[in-house]
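Observations on chain architecture
Listed below, chain by chain, are the residues.
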Amino acid sequence: VQLQASGGGLVQAGGSLRLSCAASGRTLSSYDMGWFRQAPGKERGFVAGISWRGDSKTYADSVKGRFSISRDNGKNAVWLQMNSLKPEDTAVYYCAADRTGWGIPRVNPDGYDYWGQGTLVTVSS
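These lines cover the structure that appears in this document, whether it is placed above or below. It should be emphasised that the depicted structure is a prediction, and the values quoted were computed from it without experimental measurement.

Adjacent strands of a sheet form backbone hydrogen bonds with each other and so pair up, either parallel or antiparallel. Sheet architecture is open: four strands sit in the order 1-3-8-7, paired in antiparallel fashion. The strands lining the two open edges of the sheet, one partner per strand, are strand 1 (2–6) and strand 7 (67–72). Each adjacent strand pair in this sheet contributes to an overall mean axis angle of 15°, direction not counted. Note that strand 1 and strand 3 (residues 17–24) share five bridges and pair antiparallel. By the bridge assignment, serine 6 is partnered in strand 3 with serine 20.

Moving on: the side chain of arginine 66. Inspection of the secondary structure puts arginine 66 in the loop between strand 6 (57–59) and strand 7. With residues near it in sequence (within four places) discarded, arginine 66 still touches Gln81, Met82, Asn83, Ser84, Leu85, Lys86 and Asp89.

Assignment of secondary structure puts leucine 19 in strand 3. Overall, the relative accessible area of 0% leaves leucine 19 in the buried class. Taking the C-alpha atoms as reference points, leucine 19 and serine 6, 13 residues apart in sequence, are found 5.7 Å from one another. Apart from the residues lying within four places of it in its own chain, the contact partners of leucine 19 are Ser6, Gly7, Gly8, Trp35, Val78, Trp79, Leu80, Met82, Tyr93, Thr119 and Val121.

Thresholds, definitions, all that
- Residues numbered from 1 in each chain as written.
- Predicted model: local features only at pLDDT ≥ 70, side-chain atom pairs only at ≥ 80, totals over all residues.
- Heavy atoms only, no water.
- Pairing = 2+ DSSP bridges.
- Helix = DSSP H or I, 4+ residues; strand = E, 2+ residues; numbered from the N terminus.
- Axes fitted to C-alpha atoms, helices over the stretch in contact; angles between N-to-C directions.
- Contact = heavy atoms within 4.5 Å.
- Buried < 20%, exposed > 50% of the residue type's maximum accessible area, 1.4 Å probe, protein only.

Fair warning: the whole summary comes from geometry, so function is off the table for now.
Take a look at the structure:
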């Protein structure tokens, strides 16, 4: 499966962005999905995850209440709505797919099998 992340850009602090992750080559309907981010000089870290049914969602503490993950299996896509953005949210954001489909989004990037190319989010102060 090929994943394509998009929607990144430059935004002022307090603003919003909506990231999209589109899949091709295979349906995502049985895959748990995650969003991760990597800032310069830092390791890739978990942001949000959603189960294949969409009934279980997990968020990093740093984004709870500000970010929201969603999916539409019919459209083979996943989104990350990011509100109240902060300069520390600046990073390259990646979407990832976990083919085990356990229904519990993993927070460890090693648990994901497929990755998109990343989209850059820059939040200015």
